[in-house]
Amino acid sequence: MTLIIVLAIAAVLVLWFIRVQNNLVSKDELCKNALSQIGVQQSSRWDALTALAELVKSYNEHEYNSLKDIIAMRKGISGTSNVEDANAQEELMAQATKMINVVVERYPDLKANENYAKAMDAVNTYENQVRMSRMVFNDTVTKYNKLTRQIPDSIIASILGFQAREYLKEVESKADMPSMKI
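Computed from a prediction, not measured in an experiment: that's the story for all the values here.

Novice: Just to check I follow, could you spell out the overall build of the chain for this structure?
Specialist: A count of helical and extended segments in the chain gives six helices and zero strands. Rg of the C-alpha trace for the chain: 23 Å, well past the compact-globule value of 16 Å for 182 residues, more than 25% over. If one aligns the C-alpha atoms of the chain with their principal axes, the spans along those axes are about 90 × 25 × 20 Å. Buried positions account for 38% of the 182 residues belonging to the chain. Of all intrachain contacts in the chain linking residues separated by at least 6 positions in sequence, the fraction that spans at least 24 positions is 80%. Summed over all atoms, the accessible surface of the chain reaches about 10,500 Å², with 57% contributed by carbon and sulfur.

Novice: Just to check I follow, could you spell out the packing of aromatic side chains for this structure?
Specialist: Aromatic rings considered in pairs are described by the distance between their centres and by the relative angle of their planes. Considering all chains together, one arrives at zero aromatic pairs under this definition. In this structure, Arg165 is placed above the aromatic ring of Tyr144, and the distance from its NZ or CZ to the ring centre is 5.8 Å.

Novice: Which parts of the structure should I look at to understand the nonpolar core?
Specialist: Inside soluble globular proteins, nonpolar side chains tend to come together where they are buried. Within the largest apolar cluster, 22 residues are counted, with the highest numbers of intra-cluster contacts made by Trp46, Leu49, Leu52, Ile100, Leu110 and Tyr116. Looking at this core, the elements that each hand over two or more residues are helix H1 (2–57), helix H2 (61–72), helix H3 (83–106) and helix H5 (114–149). Among the elements that line this core, the one with the most residues is H1, at seven residues. Contacts of Trp46, omitting those with residues within four sequence positions, involve Ile70, Ile71, Arg74, Gln89, Leu92 and Met93. Counting 17 residues, the second largest nonpolar core, distinct from the first, contains Ile38, Ala86, Phe137 and Ile156.

Novice: Please clarify how unusual backbone geometry should be interpreted in this entry.
Specialist: Note: most residues except glycine have negative phi, and most peptide bonds are trans. Looking along the chain, the bond that leaves Ile151 and enters Pro152 is cis, with omega of 10 degrees. Position of Pro152 relative to the elements: it lies in the loop between H5 and helix H6 (153–160).

Novice: When you look at H3 in this model, what are you seeing that I'm missing?
Specialist: For an α-helix, 3.6 residues make a turn, and residues three or four places apart therefore share a direction. The terminal C-alpha atoms of H3, which comprises 24 residues, lie 35 Å apart, in line with the 34 Å expected from a rise of 1.5 Å per residue. At the N-terminal boundary of H3, the capping side chain belongs to Asn82, with an oxygen 3.1 Å from the backbone nitrogen of Glu84.

Novice: Can you help me understand the pattern of salt bridges in this one?
Specialist: Two side chains that carry opposite charge are able to pair once their charged atoms sit near each other. For the coordinates displayed, the defined rule picks out 11 salt bridges. Arg131 is the salt-bridge partner of Glu127, the closest N and O atoms lying 3.5 Å from each other. In this pair, Glu127 and Arg131 are both assigned in helix H5, four residues apart and thus about one turn of the helix distant. One network of salt bridges, in which partners are shared, links Asp28, Glu29, Lys32 and Arg165.

Novice: How should the environment of Asn33 be read in this particular structure?
Specialist: Assignment of secondary structure puts Asn33 in helix H1. What makes Asn33 partly exposed here is its relative accessible area of 44%. The sequence separation of Asn33 and Leu168 amounts to 135 residues, and the corresponding C-alpha distance is 14 Å.

Definitions and cut-offs
- Residues numbered from 1 in each chain as written.
- Predicted model: local features only at pLDDT ≥ 70, side-chain atom pairs only at ≥ 80, totals over all residues.
- Heavy atoms only, no water.
- Helix = DSSP H or I, 4+ residues; strand = E, 2+ residues; numbered from the N terminus.
- Rg over C-alpha atoms; globule rule 2.2 N^0.38 Å.
- Buried < 20%, exposed > 50% of the residue type's maximum accessible area, 1.4 Å probe, protein only.
- Contact = heavy atoms within 4.5 Å.
- Areas by Shrake-Rupley, 256 points an atom, 1.4 Å probe, with all protein chains shown as cover.
- Phe/Tyr/Trp six-rings, centres within 6.5 Å; stacked < 30°, edge-to-face > 60°.
- Lys NZ or Arg CZ within 6 Å of the ring centre and 35° of its normal.
- Core = buried A, V, L, I, M, F, W, Y, C linked by side-chain atoms within 4.5 Å.
- Expected span 1.5 Å × (residues − 1).
- Polar contact = N/O pair within 3.5 Å; in protein donor to acceptor, adjacent residues only side chain to side chain.
- Salt bridge = Lys/Arg side-chain N within 4 Å of Asp/Glu carboxyl O.

See below:
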């Protein structure tokens, strides 16, 4: 009888361990996916900024070259990237956007260009999608971090090497960024 009780307790513990491990893996994969989605949206926004840079070229070669230099520093964000990578890309995009706004102020004809309006609409659309992707990532990280920090699941997380993830922070330079509205 004692053997049956011990085996039952062991079976329950093994099943609990497996459930927690599966839950940790699931939440970890969701975090990776959410970060990857940010990369997809950022890539689209970079494409829109590249189109704007091409429009700037016809107005001022120096600003165009400066924008191309910033765009050349772009790195793809994937599920294996980290929070610092995503934030660094946001900083680069903020720099490029500020440069474009300066050029638009110097050359009002550019603002009236139909292609400029379309490209700015695309930039704004992708900006909103990146913002939403960042919110999803932080929400996903919250769920994952709760799992890795709450007892008793935190014990399994610690044994298996699951560690809390960092949240994406708002990019400081974006607080100073002028409006992108036309």
